[in-house]
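The lines below spell out each chain.
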Amino acid sequence: MAPRDTRPDRFQPVRRLRHLAEAAAVDLLTSAARSAPPRARSAVGTGVGSLLWAFDIRHRRVACDNLRLAYRDGLSERDAGRLAFRSMAHFGKHAVEALAVGAADGSRSARPVRREGASHVRTADARGQGV
């Protein structure tokens, strides 16, 4: 085990400020997502993913490198970039949708769950079939 560095972290205040700014941005985006109609959430999320693509150079490179590895020679540099961009935009869209999920009032999830067809599961299991 390496000895622990006991020197003061001179970047700690900057890091703390960045984390507070990120948390504020997520809170703002969450509030907006919960009050926006679905089409607006989709557009905003796609925009967020596009902004990530533009500013998060490290993850953009990782995505493109991974696509080139996965497709080997079957994907040009341009196509890898295009696919990675669309993936990040898609991720942003669904991330904003996930933020909006908390807007549900919980009335559906508070109701008891009714199971149907349990006998089919038991029969398939008894036969050694996948369940």
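Scroll up for the structure.
Residues numbered from 1 in each chain as written. Predicted model: local features only at pLDDT ≥ 70, side-chain atom pairs only at ≥ 80, totals over all residues. Heavy atoms only, no water.

## Some details on the layout of surface pockets
No. 1: Within this model, the largest pocket holds a volume of roughly 200 Å³.
No. 2: Along the walls of the largest pocket sit Ala25, Val26, Leu29, Val48, Leu51, Leu52, Phe91, Gly92, Ala95, Val96 and Leu99, which together make up its complete lining.
No. 3: Among the elements of the structure, helix 1 (12-35), helix 2 (38-55) and helix 4 (77-101) are those that each provide at least two residues to the lining of the largest pocket.
No. 4: If one sorts the elements of the lining of the largest pocket by residue count, helix 4 sits on top with 5 residues.
No. 5: A breakdown of the residues in the lining of the largest pocket according to their chemical character gives 10 nonpolar, 1 polar and no charged. (1 Å grid on protein atoms, 1.4 Å probe; cavity = no way out; pocket = protein on both sides within 12 Å on 5 of 7 lines; lining within 4 Å. Points joined across faces, edges and corners; volume = space filled by probe spheres on them. Helix = DSSP H or I, 4+ residues; strand = E, 2+ residues; numbered from the N terminus. Nonpolar A, V, L, I, M, F, W, Y, C, P; charged D, E, K, R; others polar.)

## With respect to helix 4
No. 1: Spanning 25 residues, helix 4 covers 36 Å between terminal C-alpha atoms, matching the ideal 36 Å at 1.5 Å per step.
No. 2: By the burial criterion, the buried members of helix 4 are Ala80, Gly81, Ala84, Met88, Ala89, Gly92, Val96 and Ala100.
No. 3: Buried residues belonging to helix 4 abut helix 1, helix 2 and helix 3 (57-71). (Expected span 1.5 Å × (residues − 1). Buried < 20%, exposed > 50% of the residue type's maximum accessible area, 1.4 Å probe, protein only. Contact = heavy atoms within 4.5 Å.)

## Quick word on the environment of Arg86
No. 1: Relative to the elements of secondary structure, Arg86 occurs in helix 4.
No. 2: On the basis of relative accessibility, which here comes to 60%, the residue Arg86 falls in the exposed class.
No. 3: With 37 residues separating them in the primary sequence, Arg86 and Gly49 have C-alpha atoms 8.6 Å apart.

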